[in-house]
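Letter by letter, the chains look like this.
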Amino acid sequence: MTIITLTTDFGHQDPYVGVMKGVILGLCPEARIVDLVHDLPPHRPEAAAFALWTAAPYFPAGTIHAAVVDPGVGSSRAILALKAGGQVFLAPDNGLLSYVLEFSGPQELRRLENPMLWRPTVSSTFHGRDIFAPAAAHLALGTPFDNLGPTMPDPVRLPALAAIIRPDGLYGRVIHVDRFGNLITNLPVDAAAAWPAPFLIEAGPARLDHLAESYSQAEE
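Residues numbered from 1 in each chain as written. Predicted model: local features only at pLDDT ≥ 70, side-chain atom pairs only at ≥ 80, totals over all residues. Heavy atoms only, no water.

Colleague: How would you summarise the sheet that holds strand β3 (residues 64–68) if you had to cite specific residues and measurements?
Modeller: One open sheet holds the six strands; their spatial order is β2-β1-β3-β5-β4-β6, and the pairing between them is mixed. With partners counted over all chains shown, the strands left at the sheet margins are β2 (32–37) and β6 (107–111), one partner each. Looking at each pair of strands side by side, their axes are set apart by 20° on average, direction ignored. Sheet topology note: the strand β4 (residues 79–84)/strand β5 (residues 87–92) ladder contains six bridges and is antiparallel. If you follow L82 over to β5, its bridge partner there is F89. Each of β1 (3–8), β2 and β3 touches helix α1 (residues 16–27); the most contacted strand, β1, lies at about 155° to it. (Pairing = 2+ DSSP bridges. Helix = DSSP H or I, 4+ residues; strand = E, 2+ residues; numbered from the N terminus. Axes fitted to C-alpha atoms, helices over the stretch in contact; angles between N-to-C directions. Contact = heavy atoms within 4.5 Å.)

Okay, here's the thing in structure tokens:
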């Protein structure tokens, strides 16, 4: 029973997520579908990139991840299929797979172009239903990865996550803000912890001069 995860910006007010599940189960009733996240900011591939990259390592080998945050749906943008870390990722070519590509080991990247794996009629606005969902189901049923389409040498990428380390400081950026208000940066915690005291972290108007390991150690 192959696991298929869904990552979208569809929210829960409309039936779009349920429709994708219906397509998957219509082709592969044995699939186990996991809702990774559906309330991402609309049309923000970088938010989906963070969610997918941080969650994928906790899933077993053989998992298929379908990620649909796709402001370019219906355009000439490609759809990517990535095999990495024993898992498969399907996503639009808009940078969504950047972090997985940056940090995974050996990988194979293809362009999803085989219409035999899609629904017979493809909408210009709902590729999640008509392309991503059936392709994920066919992979779960054993369709070889090579059958998805040709290799893809140069996908769209977001700025690299690696922070800049200089003699005068560490230079990074906030890459995610979670629902608790935590600002998650690309600064490696071991490098920050090893920085000679005193040090200062500047983020907009905020000034932090020490590290806390838990919420209770921080001031209000």
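Colleague: Please give an account of the side chain of H176 that cites residues and values.
Modeller: With respect to the secondary-structure elements, H176 resides in strand β9 (residues 174–177). The contact partners of H176, leaving out residues within four places of it in the chain, are F50, N182, L183 and I184.

Colleague: Describe the packing of aromatic side chains, and please don't skip the residues or the numbers.
Modeller: Considering all chains together, one arrives at six aromatic pairs under this definition. Taking the centre distance of 5.6 Å and the plane angle of 75° together, the rings of Y16 and F126 count as edge-to-face. On the criterion of sequence distance, the pair formed by Y16 in helix α1 and F126 in the loop between β6 and α4 (127–140) is long-range, its members being 110 residues apart. Here the aromatic rings of W53 and F103 are separated by 5.2 Å at their centres, their planes lie at 25°, and the arrangement is stacked. With W53 in helix α2 (residues 45–55) and F103 in helix α3 (residues 98–103), this pair connects stretches of sequence that are 50 residues apart. The class of W53 is partly exposed, set by a relative accessible area of 25%. (Phe/Tyr/Trp six-rings, centres within 6.5 Å; stacked < 30°, edge-to-face > 60°. Buried < 20%, exposed > 50% of the residue type's maximum accessible area, 1.4 Å probe, protein only.)

Colleague: Account for a nonpolar patch on the surface, with residues named and values stated.
Modeller: Among the surface-exposed residues, V174, V177 and L183 lie close enough to one another that they form a single nonpolar patch of about 260 Å² accessible area. Among the secondary structure elements, V174 is positioned in strand β9. (Patch = residues over 30% accessible without salt bridge, like charges linked within 9 Å, V, L, I, M, F, W, Y side chains within 5 Å. Areas by Shrake-Rupley, 256 points an atom, 1.4 Å probe, with all protein chains shown as cover. Salt bridge = Lys/Arg side-chain N within 4 Å of Asp/Glu carboxyl O.)

Colleague: Describe the packing of α1 against α4, naming the residues involved and giving the relevant values.
Modeller: Two elements in contact, α1 and α4, have axes whose closest approach is 8 Å; the angle formed by their N-to-C orientations is 35°. Two packed elements cross with a definite hand, and for α1 against α4 that hand is right-handed. Here α1 contributes V19, M20, V23, I24 and L27 to the contact with α4, which in turn contributes G128, R129, F132, A133, P134, A137 and H138. Considered class by class, the residues forming the contact of α1 with α4 number nine nonpolar, two polar and one charged. (Left-handed = near helix turned anticlockwise from the far one by under 90°. Nonpolar A, V, L, I, M, F, W, Y, C, P; charged D, E, K, R; others polar.)

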